[in-house]
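Understanding the architecture of this molecule
Listed below are the residues making up each chain.
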Amino acid sequence: MVNKTVPDIIYTKVDEAPELASASLLPIIQRFAAAADITVGTRDISLAGRILSTFPDKLSADQRVSDDLAELGELVKTPEANVIKLPNISASVPQLLAAVSELQAQGYDIPDYPSEPATDAEKDVRARYDTIKGSAVNPVLREGNSDRRAAAAVKSFAQKNPHRMGEWSADSKTRVAAMDGGDFFSNEKSATLADAAKAKIVLETADGETVLKDGLSYPAGTVVDATYMSAAALDAFLAEEIEKTKAEGVLFSMHLKATMMKVSDPIIFGHAVKQFLAPVFEKFGAEMDALGVSPNSGLGDLLERVKGNADIMAAIDETMAARPPMYMVDSDRGITNLHVPSDVIVDASMPALIRAGGKGWGPDNKEHDAACVIPDNSYAPVYDEAIKFFKANGKLNPATAGTVQNIGLMAQKAEEYGSHPTTFEIPVNGSVKMVLDDGTVLHQHSVEAGDIWRSASARKAPIEDWVNLAIARQKATGYRSIFWLDAARAHDAELIAMVKPILEAQGVADKFEIMTPRDATRASLETITKGENTIAITGNVLRDYLTDLFPILELATSAKMLSIVKLMQGGGLFETGAGGSAPKHVQQLLGQNHLRWDSLGEFCALGESFKFLAETKDNARAKVLGETVETATQGILDNGRSPSRKVGEPDNRDSHYWFARYWAEALAAQSDDAALAAEFAPVAKALAENEGKITGELAEVQGTPADIGGYYHADPAKLVAVMRPSATLNGIIG
Ligand SMILES: NC(=O)C1=CN([C@@H]2O[C@H](COP(=O)(O)OP(=O)(O)OC[C@H]3O[C@@H](n4cnc5c(N)ncnc54)[C@H](OP(=O)(O)O)[C@@H]3O)[C@@H](O)[C@H]2O)C=CC1
Ligand SMILES: O=C(O)CCC(=O)C(=O)O
Ligand SMILES: [Mg+2]
């Protein structure tokens, strides 16, 4: 493949709603940047792009695509990196299957996904697909720690225009259920390696030793954990919670992260499907097996496979009728919580439920209290405490609430989010050992068949960088700064032992508190309720969870977050927002040609990316572009130009028109660069003079279905036609 020259700024090509938005926004960005001789190019990290780049041997020369993720993975390890990263799909198996069949229908001769690979060839195909599955992009690009917060303008807009919040009542029956033993939290062991080491993971059984993983290698100072979730304890817990929920008369809901935790959480999800339908599995287990049912793929896939068998269908109906009502993903279409493993993702689902006053949607299309099952107890206390806080104190008031910012340990696949290659569903009873090359047994657990064992690690350099980033942000803001670490948890105790000496050496220990996640949740909610601000300094999972939880309460959405990853080798990665790819938004576009995706996250990231370019490359024109992007973003907020959720009202495309107009006006008005001012004065004028015509052309297309020629792999020409429907605007942008 030709080696493309690296543009000044890379804008990632992704999937679903953000990719639809890019079709409209990116041409504007490229046009404005070109005026300052700055190149903005794309690299494809979409699910479809990643599938195609994985099977070059199956494609014709003109179908082949380059492996852009691999290229970006190298780039982020250099000081040259300046990447704007939009959210991409972290595919569950059902999503992967759908993308594969769409590509096959488009004429790409890629292989089927082998669900039960038998031959060597099938195993090879499966191994290749497994690299694409789940969260396969973020861990590759995130070679730095995370700094996520609402920009000052965004926070002040939310305070001036508070969104609706559901009411909390003191007698709400909504609660969080987590295991009180046998889970990852309670079985965790952790150690910090004094010296660099190689390691292997073995399973010892009565029949001998099986190597689960070899060739692991850790630098000195790495914190290495091992833990497991007992399948028997999980099943007992789930069975009990299903009964308890039934007795309480609330919705049964299950909140996991089957995307990011792509090995462990689909298995846990499968246990829930099996427990919920336990009588059906007891009676028809063999038949369902023969029909290819895999509980890990969810109820949706299961129903599809058994729908021809009336006996099984009757047993399912009978069981479901005896179960508690389920929390619904889409009650109109009958999609339950257990249909697809990736439909309910804890970081977004729990905050949405909490924002709604502890309510979820039931099968009757009405809101109800819910039992929120989050099996592992490592982070469930955050939601439990938040719910208790709101029951006692009532809903948060976004008009007066302060903010919770986040500094997250993320670099180099830190902690649980890097544990997929070292996570195993144990096949037979035995003992799992993590053995170092000098023979030391670092960790050991007795396990039973079905238990989920995993090892996670965090390296020293990222940990130090994270603490230093926290020190810098505390210094810059003066905010109450809390490390969310639990001294009683094995992993956190190791981190605390590294954090404290750094704080002491820098003479700032008195500026920081260290609290358990539960206590920190309460302290943070108390702080923001008073209108004050705080910084949550957390590990990787809480980084993810909290940067949805607090933004959704404070700003209504995490899409508006500023998300900066200061890469450890000096580059910059600017993530847009903190939320996902909003599949519901695509459905609305396809049905009504209205895109409610808010690109505020992209605007914020773009401003930061230009400013970073200005600093690292001493590029004065990039500075002008960065500052004027900020003015334009402010203009969007001040004048209420964000997209509406309803068809017939201004949408994402209208907001891009306004962004271009405010940006051009700001460029025309500034005096740092006369050439840019002269170039954009007529653009600003044309955009203003044609306002009615452009907004009319944009409005005209709404209300009827839109065809983009594919869900995962749209037809570029059709996509452009849908997302750039104003000939007048296109003419001015050029
Ligand atoms: N960094 C990344 O790459 C991330 C990727 N993901 C991936 O995204 C997919 C969907 O995840 P999911 O958990 O449903 O989360 P989403 O954030 O996509 O959706 C949750 C809800 O948030 C609202 N929302 C999110 N972004 C915007 C936006 N820009 N403008 C307006 N509203 C917004 C929407 O609410 P409403 O419908 O009410 O308008 C949406 O339905 C998954 O494949 C997941 O793996 C998830 C998180 C981060
Ligand atoms: O990579 C993923 O799967 C999701 C990432 C995410 O949710 C986040 O970073 O906030
Ligand atoms: Mg998240």
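Residues numbered from 1 in each chain as written. Chains lettered and ligands numbered in written order. Predicted model: local features only at pLDDT ≥ 70, side-chain atom pairs only at ≥ 80, totals over all residues. Heavy atoms only, no water.

Within strand β9 (residues 223-229), seven of the seven residues are buried, which leaves the element mostly enclosed by the surrounding structure. Burial along β9 is two-sided: the face carrying V223, D225, T227 and M229 and the face carrying V224, A226 and Y228 are both buried. Here four bridges tie strand β6 (residues 189-192) to β9, and the two strands are oriented antiparallel to one another. Residue K189 lies in a different strand from β9, and its bridge partner there is A226. In terms of strand pairing, β9 meets strand β19 (residues 452-458) through seven bridges, oriented antiparallel. Pairing of A226 across the sheet is with S455, part of β19. (Buried < 20%, exposed > 50% of the residue type's maximum accessible area, 1.4 Å probe, protein only. Helix = DSSP H or I, 4+ residues; strand = E, 2+ residues; numbered from the N terminus. Pairing = 2+ DSSP bridges.)

Ligand 1 sits among 23 residues. The nearest are G580, A582, R596, D598 and R645. Residue S90 places a main-chain N or O atom 3.5 Å away from an oxygen atom belonging to ligand 1. One nitrogen or oxygen atom from the main chain of A582 is found 2.5 Å from an oxygen atom belonging to ligand 1. Here the shell around ligand 1 takes three residues from helix α20 (residues 583-592), the largest share from any one element. A class-by-class count of the residues in the shell around ligand 1 yields eight nonpolar, nine polar and six charged. Both of domain 1 (9-143 + 569-728) and domain 2 (175-183 + 230-378) provide at least three residues apiece to the shell around ligand 1. (Near = heavy atom within 4 Å. Polar contact = N/O pair within 3.5 Å; in protein donor to acceptor, adjacent residues only side chain to side chain. Nonpolar A, V, L, I, M, F, W, Y, C, P; charged D, E, K, R; others polar. Domains from an automatic or database assignment.)

Once that is clear, we can look at the sheet that holds β19. Spatially, the four strands line up as an open sheet ordered β6-β9-β19-β16, and their pairing is antiparallel. Where the open sheet ends on each side, the last strands, each with one partner, are β6 and β16 (423-425). Going from strand to strand, the sheet's axes swing by 10° on average, the running direction of each strand aside. As paired elements, β16 and β19 share three bridges and run antiparallel to each other. Counted as the bridge partner of E425 is I452 from β19. Against the sheet, helix α17 (residues 490-505) contacts β6, β9 and β19, and its axis sits at roughly 25° relative to β6. (Axes fitted to C-alpha atoms, helices over the stretch in contact; angles between N-to-C directions. Contact = heavy atoms within 4.5 Å.)

Let's shift gears to the environment of D37. Mapped onto the secondary structure, D37 falls in the loop between α1 (16-34) and β2 (40-44). D37 gets classed as exposed once you look at its relative accessible area, which sits at 63%. Sequence spacing of D37 and D301 is 264 residues, and the spatial spacing of their C-alpha atoms is 51 Å. Setting aside its immediate chain neighbours within four residues, D37 contacts D8 and R621.

With that settled, consider the UniProt feature "binding site: D-threo-isocitrate" (unreviewed entry) in the chain. UniProt's feature table lists "binding site: D-threo-isocitrate" (unreviewed entry) at R148 and R543, given in the numbering used throughout. In three dimensions, the annotated residues from a span of 396 residues occupy one location, with a maximal C-alpha spread of 8.5 Å. Structurally, R148 is set in strand β4 (residues 144-149). A residue is classified by how much of its surface remains accessible, and R148, at 4% relative accessible area, is buried. With near-sequence residues (within four places) excluded, R148 lies in contact with R142, Q405, N406, R543, T547, M561, L562, S563, E575, G577 and A578. Here T547 takes part through its side chain, which lies 2.7 Å from a polar atom of the side chain of R148. Beyond its immediate chain neighbours, meaning those up to four positions away, R543 contacts R142, S146, R148, M260, N406, G408, M410, Y417 and T538. Among the polar contacts made by the side chain of R543, one reaches the side chain of N540 at a distance of 2.8 Å. (UniProt positions renumbered as here; feature names shortened; annotations may be inferred.)

A full pass over the atoms with the stated rule returns 44 salt bridges. A salt bridge links E575 to R142, with the shortest nitrogen-to-oxygen separation between them at 2.7 Å. Of this pair, E575 sits in strand β24 (residues 572-576) while R142 sits in the loop between α6 (138-141) and β4; the two residues are 433 residues apart in sequence, bridging distant segments of the chain. The class for E575 is buried, based on a relative accessible area of 5%. A salt bridge links D492 to R489; the nearest nitrogen and oxygen atoms lie 4.0 Å apart. An identical accessibility class is assigned to D492 and R489; each is buried. Each of D384, E385, K388, R518, R522 and E526 takes part in salt bridges that share partners, so that together they form one network. (Salt bridge = Lys/Arg side-chain N within 4 Å of Asp/Glu carboxyl O.)

Take the coordination of the magnesium ion (ligand 3) next. For the magnesium ion (ligand 3), the full set of protein donor atoms is D347 (OD) and D544 (OD), and the range of their distances to it is 1.9 to 2.2 Å. You can see D347 sitting in helix α14 (residues 346-355) and its partner D544 sitting in helix α19 (residues 540-555), a full 197 residues away along the chain. Taking relative accessible area as the criterion, D347 reaches 7% and is therefore assigned buried. (Donors = N, O, S within 2.8 Å, 3.2 Å for Na, K, Ca; no water.)

Take the sheet that holds strand β7 (residues 197-205) next. The strand order across the open sheet built from four strands is β8-β7-β17-β18, with neighbouring strands paired in antiparallel fashion. Two strands in the sheet have a free side with no partner beyond their single neighbour: β8 (208-218) and β18 (441-447). Strand after strand, the sheet turns through a mean of 15° between neighbouring axes, direction not considered. Of the pairings in the sheet, the one linking β7 to strand β17 (residues 430-436) comprises six bridges and is antiparallel in character. Note on β17: the bridge partner recorded for K200 is V435.

Looking now at unusual backbone geometry. A negative phi angle is the norm for most residues apart from glycine, just as the trans form is the norm for most peptide bonds. Positive phi is not limited to glycine here, since E16 has a value of about 50°. If you trace the backbone, E16 turns up in helix α1. With a phi angle near 55°, Q412 is a residue other than glycine that sits in the positive phi range. Residue position: Q412 is located in the loop between β15 (404-408) and β16.

For the rest of this paragraph, the subject is the pairing of β7. Remark: a regular strand shows side chains that alternate across the two faces of the sheet. Pairing geometry for β7 and β8, over eight bridges, is antiparallel. Pairing of A197 across the sheet is with Y218, part of β8.

Core analysis: the biggest nonpolar cluster contains 74 residues, and F32, I38, F610, F659, W663 and L687 have the highest contact counts within it. Summarising the domain contributions, this core has at least three residues from each of domain 1 (9-143 + 569-728) and domain 4 (399-414 + 459-563). For L687, the residues in contact, after removing those within four places along its chain, are Y657, A660, R661, A664, I694, L729 and I732. Judged by nonpolar contacts, the second largest core, of 42 residues, contains V346, M350, I374 and F389. (Core = buried A, V, L, I, M, F, W, Y, C linked by side-chain atoms within 4.5 Å.)

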